[in-house]
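# Topology and contacts: notes
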Amino acid sequence: MNKVEHIGIAVKSLDAGNALYEKLFGIPPYKIETVASEGVNTSFFKMGDSKIELLEATNPDSAIARFIEKRGEGVHHIAYAVTDIKAELKRLKAEGFEVINEEPKAGADNKWVAFLHPKSTKGVLIELCQDRD
Ligand code: ZN
């Protein structure tokens, strides 16, 4: 793994989240994107090399809606940049981590993504991401 790529934060309202984080950072999100397959609207803020992703559910069955229902708004996942996501998934699976996605899928911000289950990572949902181009 190369670095922390971003931290994902679940919010009830992306508009309200964007307004708050814009006030906090002093800059607007550089990208707002819907990932229909995941049932989420996302926005990304960037400061130097660090990124924050806000995620809002688009339907009550989305993982973000279920997360907020159970735990409220807050930190949802930590994403790590990798250069070969398939090789990393294979390696981590062999190390005993519980892989949620056997195959990487197209995520927000032009990335291939795959998740590791929090029960195998001390309670933290981990996203692996690799640039799509
Ligand atoms: Zn993410």
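See the structure shown above.
Below is a short write-up of the structure. (Residues numbered from 1 in each chain as written. Predicted model: local features only at pLDDT ≥ 70, side-chain atom pairs only at ≥ 80, totals over all residues. Heavy atoms only, no water.)

### Quick look at the coordination of the zinc ion
- Bound to the zinc ion are the protein donor atoms H6 (NE2), E53 (OE), H77 (NE2) and E127 (OE), situated 2.1 Å from the metal.
- For the zinc ion, the four donor atoms in the first shell make angles of 82 to 164 degrees at the metal, a pattern classed as irregular. (Donors = N, O, S within 2.8 Å, 3.2 Å for Na, K, Ca; no water. Tetrahedral: all angles 85-135°; square planar, octahedral: opposite > 155°, others 65-115°.)

### Here's the deal with helix 3 (residues 85-94)
- I85, E88, L89 and L92 are the residues of helix 3 that are buried. Down the axis of helix 3, the sector holding all buried residues measures 100 degrees, keeping them to one side. What points out from helix 3, more than 90 degrees from its buried face, is the exposed set K86, K90 and A94.
- Buried residues belonging to helix 3 abut strand 7 (111-116) and strand 8 (126-131).
- Remark: G96 follows helix 3 within two positions and exhibits a positive phi of approximately 100 degrees. (Buried < 20%, exposed > 50% of the residue type's maximum accessible area, 1.4 Å probe, protein only. Helix = DSSP H or I, 4+ residues; strand = E, 2+ residues; numbered from the N terminus. Arc of directions from axis to C-beta. Contact = heavy atoms within 4.5 Å.)

### Thoughts on the packing of aromatic side chains
- Following the criterion strictly, the structure yields four aromatic pairs and no others.
- On the basis of an interplanar angle of 55 degrees and a centroid distance of 5.5 Å, the ring pair of Y21 and F25 is categorised as tilted. Residue Y21 and its partner F25 are located together in helix 1 (residues 14-25), separated by four residues, close to a single helical turn.
- For F25, a relative accessible area of 22% corresponds to the partly exposed category.
- Considering the side-chain rings of Y21 and F45, the 6.3 Å spacing of their centres and the 45 degrees angle between planes classify their relative orientation as tilted. Here Y21 is found in helix 1, whereas its partner F45 is found in strand 3 (residues 40-47), with 24 residues between them in sequence. The same class applies to Y21 as to F45, namely buried.
- Following the ring pairs from residue to residue traces out a cluster consisting of Y21, F25 and F45. (Phe/Tyr/Trp six-rings, centres within 6.5 Å; stacked < 30°, edge-to-face > 60°.)

### A word on the side chain of T42
- Residue position: T42 is located in strand 3.
- Beyond its immediate chain neighbours, meaning those up to four positions away, T42 contacts L14, K31, I32, E33, E53, L54, L55 and A108.

### Looking at the pairing of strand 7
- Along strand 7, five of the six residues are buried, which leaves the element largely enclosed by surrounding structure.
- With antiparallel pairing between neighbouring strands as the criterion, strand 6 (residues 105-107) and strand 7 make up a hairpin whose turn holds three residues, including D109 at a positive phi of roughly 60 degrees.
- Here strand 7 runs beside strand 8; their pairing, made up of six bridges, is antiparallel. Across the sheet, residue V113 finds its bridge partner in strand 8, namely C129. (Pairing = 2+ DSSP bridges.)

### Describing the side chain of H77
- Its place among the elements puts H77 in strand 5 (residues 74-81).
- For H77, the side chain forms a polar contact with the side chain of H6, separated by 3.4 Å.
- Looking at H77, its side chain comes within polar contact range of the side chain of H76, at 2.9 Å.
- If we skip the residues at most four places from it in the chain, H77 touches H6, I7, G8, E53, L55, F115, L125 and E127. (Polar contact = N/O pair within 3.5 Å; in protein donor to acceptor, adjacent residues only side chain to side chain.)

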